[in-house]
Amino acid sequence: MKKDLRKKILKVRDQMTCNEVTLISKKIIRNIQRELKLDDYQVIGMYMPIGNEVDLRPLITSLIENNKTVVIPKVLSKEKMEFYPIESVNDIHEGKFKVLEPNCNKKMPKNEIDIMFIPGIGFSKQGYRLGFGAGYYDRYLVGYINQKVGVCFAFQLLSDFQTDRFDIPMDKVITENPLHQYHGED
Ligand code: ADP
Ligand code: MG
C-alpha cells in the first residue's frame, strides 16, 4: 500500500540530521550538474524543501546568478498547482499550512518550463513517483512535454511499488549515488 510505504520512508527521512540533509543534498547537486547540461535550459522548475526533502536551494541561487528563470510551485486549490518565478531563495512567503510560496503571481505557462526537478517520498527504478498522496504533480504533469527529473536520497529509491494509471513517470531520477541514476531513455 502506498500509504504504509510513505509512513515507513518518512520515518527514516525524519531521522536525518540537518547536517546530513545539507551535505547529501550538496552531493546530489553535484550529480545534477554532472548529469544534466543546465546551460541548455532557460526556465527551470524547482521547489522549496519541506521537512527533510533534498535541499536544492544552493543550486537555485547559482541558477539565478546565471540569469536562469527559476519557478516554484504554489498550490491554488485542492486540485490545482501552478509555477511562479522567484528572484532569490528568499523571494517567498509562508502560505497556508506553512508551505513556502512564491511572492510573484504571474504564472509560468506549463510548457515554458524547460526542465522540472520534482521531490518525492520515493521513486521506483522505473521513475514512478510516490508523493504525499494528494496527486498534485500527477495532475500538473498531464500534458507536460519537457524534462521531469525526480530528486531523492538514495534510500528513497524503491523497488517496484503499486502505481496507478494516473501516475506519470520521471525521465530521470537523481540521488547522491552516481550509480543510481535512472534514465528513462535507456
Ligand atoms: P501521490 O502522487 O501524491 O503519491 P497518488 O498517486 O496516490 O498520490 O494520487 C492521489 C490522488 O490524486 C489519487 O487518488 C487520484 O484520485 C488523484 N489524481 C492523480 N492524478 C490525477 C489526474 N490526472 N486527474 C485526476 N485526479 C488525479
Ligand atoms: Mg501519484
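Since the model is a prediction, treat every value here as computed from it, not as a measurement. (Residues numbered from 1 in each chain as written. Chains lettered and ligands numbered in written order. Predicted model: local features only at pLDDT ≥ 70, side-chain atom pairs only at ≥ 80, totals over all residues. Heavy atoms only, no water.)

### Brief notes about the pattern of salt bridges
Overall, the coordinates contain six salt bridges when judged by the stated rule. Between Lys2 and Asp164 there is a salt bridge; the shortest N-O distance is 2.8 Å. In this pair, Lys2 is assigned in helix 1 (residues 2-14) and Asp164 in the loop between strand 10 (157-158) and strand 11 (172-174), connecting sequence segments 162 residues apart. Accessibility expressed as a relative area gives 12% for Lys2, which makes it buried. Measuring nitrogen to oxygen at the nearest pair gives 2.9 Å for the salt bridge that ties Asp167 to Lys2. Of this pair, Asp167 sits in the loop between strand 10 and strand 11 while Lys2 sits in helix 1, and the two are 165 residues apart along the sequence. (Salt bridge = Lys/Arg side-chain N within 4 Å of Asp/Glu carboxyl O. Helix = DSSP H or I, 4+ residues; strand = E, 2+ residues; numbered from the N terminus. Buried < 20%, exposed > 50% of the residue type's maximum accessible area, 1.4 Å probe, protein only.)

### Notes on the packing of aromatic side chains
What the rule picks out here adds up to two aromatic pairs. Seen in terms of ring centroids, Phe153 and Phe155 are 6.4 Å apart; in terms of plane orientation they differ by 5°. Their pairing is stacked. Using a relative accessible area of 33% as the deciding quantity, one classes Phe155 as partly exposed. Across from the ring centre of Tyr140, 4.9 Å away, lies the NZ or CZ of Lys110, which sits over that ring. Cation over ring: Arg139 sits above Tyr136, and NZ or CZ is 5.9 Å from the ring centre. (Phe/Tyr/Trp six-rings, centres within 6.5 Å; stacked < 30°, edge-to-face > 60°. Lys NZ or Arg CZ within 6 Å of the ring centre and 35° of its normal.)

### A short note on the coordination of the magnesium ion (ligand 2)
Distances from the magnesium ion (ligand 2) to its protein donors, Asp138 (OD) and Asp167 (OD), fall within 2.0 to 2.1 Å. Taken together, the residues Asp138 in helix 4 (residues 136-140) and Asp167 in the loop between strand 10 and strand 11 connect sequence positions 29 residues apart. What makes Asp167 buried here is its relative accessible area of 6%. (Donors = N, O, S within 2.8 Å, 3.2 Å for Na, K, Ca; no water.)

### Let's talk about the site of ligand 1
Taken together, 13 residues form the shell around ligand 1, and within it Lys2, Arg6, Gly131, Gly133 and Asp138 come nearest. Contact between ligand 1 and Phe132: an oxygen atom at 3.5 Å from a main-chain N or O atom of the residue. One nitrogen or oxygen atom from the side chain of Asp167 is found 3.0 Å from an oxygen atom belonging to ligand 1. Protein coverage of the free-state accessible area of ligand 1, which is 570 Å², stands at 68%. Elements with a contribution of two residues or more to the shell around ligand 1: helix 1 and helix 4. Of the residues belonging to the shell around ligand 1, the class tally is five nonpolar, three polar and five charged. (Near = heavy atom within 4 Å. Polar contact = N/O pair within 3.5 Å; in protein donor to acceptor, adjacent residues only side chain to side chain. Areas by Shrake-Rupley, 256 points an atom, 1.4 Å probe, with all protein chains shown as cover. Nonpolar A, V, L, I, M, F, W, Y, C, P; charged D, E, K, R; others polar.)

### Quick notes on helix 3 (residues 57-65)
Taken residue by residue, helix 3 has Leu59, Ile60, Leu63 and Ile64 as its buried positions. Within helix 3, the buried residues cover an arc of 135° as seen down the axis, which keeps them to one side. Where helix 3 is buried, its residues meet helix 2 (18-35), strand 1 (43-45), strand 2 (69-75) and strand 3 (81-86). Backbone geometry just downstream of helix 3 places Asn67 in the positive-phi region, at approximately 65°. (Arc of directions from axis to C-beta. Contact = heavy atoms within 4.5 Å.)

### With respect to the nonpolar core
Among soluble globular proteins, nonpolar side chains are generally buried collectively. The biggest cluster of nonpolar side chains holds 47 residues, and the ones touching the most others in it are Met46 and Phe117. Excluding anything up to four places from it in sequence, Phe117 contacts Ile32, Leu36, Leu38, Ile44, Gly45, Met46, Tyr47, Leu56, Val149 and Val151. Judged by nonpolar contacts, the second largest core, of six residues, contains Leu5, Leu130, Leu158 and Phe161. (Core = buried A, V, L, I, M, F, W, Y, C linked by side-chain atoms within 4.5 Å.)

### What to know about helix 1
In this model, helix 1 (13 residues) spans 18 Å end to end at C-alpha, consistent with the 18 Å of a helix rising 1.5 Å per residue. For helix 1, the full list of buried residues reads Lys2, Leu5, Arg6, Ile9 and Arg13. Viewed end-on, helix 1 has its buried residues packed into an arc of 100°, placing them on one side of the element. Set apart from the buried face of helix 1 by more than 90 degrees, the exposed residues are Lys3, Lys7, Lys8, Lys11 and Asp14. Those residues of helix 1 that are buried lie in contact with strand 8 (129-130) and strand 10. (Expected span 1.5 Å × (residues − 1).)

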